[in-house]
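A structural walkthrough
Here is how the chains run, residue by residue.
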Amino acid sequence: MAGIVVFGAGGRAGRAVTDEARRRGHWVTAVVREPGRYPELGVDGVSVVRGDVTDPESVAGVVGGHAAAVHAVSPFSGPEQGFDSLDPEFFVRAADALLGGLAGARVRRLVAVGLFANLLGADGRAVMDDPEAFPAEIRPFALAHAEGLRRLRDAAGEEKAGREGADRDGGGRDSADREGADRAGGDREGVADVDWVMLTPPARLEDGAPRTGRYRFGGESAPDGAAHLSYADLAVAVLDEIEAPTLHRTRVSVFNPGSPLR
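My aim in this report is to walk through the structure given alongside it, one point at a time. Per chain, residues are indexed from 1 in the order of the written sequence. Local features in a predicted model are, by the rule used here, given only for residues with pLDDT of at least 70; side-chain atom pairs are given and counted only at 80 or more, and totals for whole chains, interfaces and linings are based on all residues. Just so you know, side-chain values use all the structure's heavy atoms and leave hydrogens and water out.

**Here we look at the overall build of the protein chain**
When you go through the protein chain residue by residue, the secondary structure sums to seven helices and 10 strands. Split into buried and exposed, the 262 residues of the protein chain put 51% on the buried side. The secondary structure listing takes helices from DSSP runs of H or I that are at least 4 residues long and strands from runs of E that are at least 2 residues long, numbered from the N terminus. Note on exposure labels: buried denotes an accessible area under 20% of the residue type's maximum, exposed denotes more than 50%, and partly exposed covers the range between, all computed with a 1.4 Å probe on protein chains only.

**Section: the sheet that holds strand β1 (residues 4-7)**
Note: two strands are recorded as paired if DSSP finds a minimum of 2 bridges between them. Strand order in the open sheet formed by eight strands is β3-β2-β1-β4-β5-β6-β10-β8, and the pairing between neighbours is mixed. A strand with exactly one partner marks an edge of an open sheet, and here the two such strands are β3 (46-50) and β8 (216-217). Sheet topology note: the strand β4 (residues 68-71)/strand β5 (residues 109-113) ladder contains four bridges and is parallel. Its bridge partner lying in β5, His71 is registered against Ala112. Against the sheet, helix α1 (residues 12-23) makes contact with β1, β2 (28-32), β3 and β4, and its axis sits at roughly 165° relative to β1, the strand it touches most. Contact criterion: two residues are considered in contact whenever any of their non-hydrogen atoms come within 4.5 Å of each other. Lines are fitted to the C-alpha atoms to define the axes, a helix being fitted only along its stretch in contact, and any angle between axes, read from their N-to-C directions, falls within 0 to 180 degrees.

**Let's talk about unusual backbone geometry**
Positive phi outside glycine occurs at Arg106, with the angle close to 60°. Structurally, Arg106 can be placed in the loop between α3 (90-105) and β5. Classification of Arg106 by relative accessible area gives exposed; the value is 75%.

**Observations regarding the side chain of Asp52**
With respect to the helices and strands, the residue Asp52 is situated in the loop between β3 and α2 (56-63). Distance and chemistry together define a polar contact, namely a pair of N or O atoms within 3.5 Å, with one atom able to donate a hydrogen and the other to accept it when in protein, and with adjacent residues in sequence counting only for side-chain atoms on both sides. In terms of polar contacts, Asp52 uses its side chain to reach the side chain of Arg33, at 3.3 Å. Sequence-distant contacts of Asp52, defined by excluding residues within four places in its chain, comprise Arg33, Ser58 and Val59.

**Brief notes about the packing of aromatic side chains**
Working definition: rings of Phe, Tyr and Trp (its six-membered ring) pair if their centres are within 6.5 Å, and the pair is stacked with planes under 30 degrees apart, edge-to-face with planes over 60 apart, and tilted otherwise. Applying the stated criterion across every chain yields a total of three aromatic pairs. Taking 5.0 Å as the distance between ring centres and 85° as the angle between the ring planes, the aromatic pair formed by Phe90 and Phe91 counts as edge-to-face. Residue Phe91 is classed as buried on the basis of its relative accessible area of 5%. Ring plane angle 55° and centroid distance 5.2 Å describe the contact between Tyr215 and Phe217, whose orientation is recorded as tilted.

**Topic: empty space enclosed by the protein**
Any residue with an atom within 4 Å of a point lines the site, the site being either a cavity, points on a 1 Å grid over the protein atoms alone where a 1.4 Å probe fits but cannot get out, or a pocket, an open set with protein on both sides within 12 Å along at least 5 of 7 lines. Grid points are joined across faces, edges and corners, and a volume is the space filled by probe spheres set on the points. In this structure the tally under the stated criterion is one cavity of 30 Å³ or more. Taken as a whole, the largest cavity encloses approximately 80 Å³ of empty space. Every residue lining the largest cavity is listed: His71, Phe91, Ala95, Leu98, Leu110, Ala112, Val113, His145, Gly148, Leu149, Leu152 and Met198. Considering each element in turn, the lining of the largest cavity owes the most residues, four residues, to helix α4 (residues 139-155). Three residue categories are used. Nonpolar comprises Ala, Val, Leu, Ile, Met, Phe, Trp, Tyr, Cys and Pro, charged comprises Asp, Glu, Lys and Arg, and polar comprises the others, including Gly. Partitioned by chemical class, the residues of the lining of the largest cavity number nine nonpolar, three polar and no charged.

**Focus on the nonpolar core**
Grouped together as the largest cluster of nonpolar side chains are 44 residues, with contacts concentrated most on Phe7, Leu102 and Leu110. Among the elements that take part in this core, α3 stands out by supplying nine residues, more than any other. Discounting chain neighbours no more than four positions away, the residues touching Leu110 are Ala69, His71, Leu98, Leu102, Leu152, Val194, Asp195, Trp196 and Val197. Of all hydrophobic cores here, the second largest spans 31 residues; its members include Ala13, Val46, Val111 and Val113. Note on terminology: a nonpolar core comprises buried Ala, Val, Leu, Ile, Met, Phe, Trp, Tyr and Cys residues joined through side-chain atoms within 4.5 Å.

This is the structure:
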């Protein structure tokens with residue numbers, strides 16, 4: 001089977017995707033910043049390598065020869081971490097590096113894991129813009145995530161979609177954003193050919209819950225507050241979208257099929 005690169009393979013989503021890929025017979029390149037911290041990842045069918053998802057040269061160095069890449073990296077582990085070290089450009093730089101690196105290596109498929117706070121609530125606002133639904137202290141992380149989505153949309157040539165996303169997701173935009181793309185480097189030729197999709201799980205994402213093999217897509221809207229999904233079933237959705245893509249250059253919610261929409 002074809003190889004898959006998993007950026008952020010040491011996290012819960014990345015581990016679940018790696019396990020699901022191995023289950024289906026794919027060989028996996030597991031990319032982490034410090035391989036020595038993750039000896040348990042080096043099982044049969046998995047090559048653990050050092051890499052930086054925000055570095056175009058690092059991305060280009062590991063994606064060649066693979067069928068697809070998965071972006072499951074997060075620089076934020078929880079509110080207790082604080083925001084002093086948060087890079088607001090992290091997800092923008094990751095989007096630039098991934099698009100440039102994949103384009104240069106002629107790897108067309110990219111599946112990214114999204115953030116629930118950036119989906120749209122019942123009132124049409126992003127969840128992160130509702131202080132009753134989302135803690136204000138975590139909003140800087142959500143804004144950074146939204147900027148990464150905006151960069152993906154812009155690179156796909158969907159300028160109108162990118163501007164509408166800015167209005168929905170919050171935060172401003174100026175010429176510095178475009179300059180940032182130029183500074184990021186990588187192979188900018190062909191980035192619009194990268195067929196990306198962002199799958200966004202609900203806030204209730206369950207670690208250790210069983211794999212059912214079932215899930216539902218819900219467009220840009222956030223599902224009902226009771227919606228849930230296991231990491232294992234998120235990984236099923238990710239691998240399905242690699243093996244038989246149905247979604248192209250868009251962001252959708254993904255959740256348990258028994259969960260209602262708002």
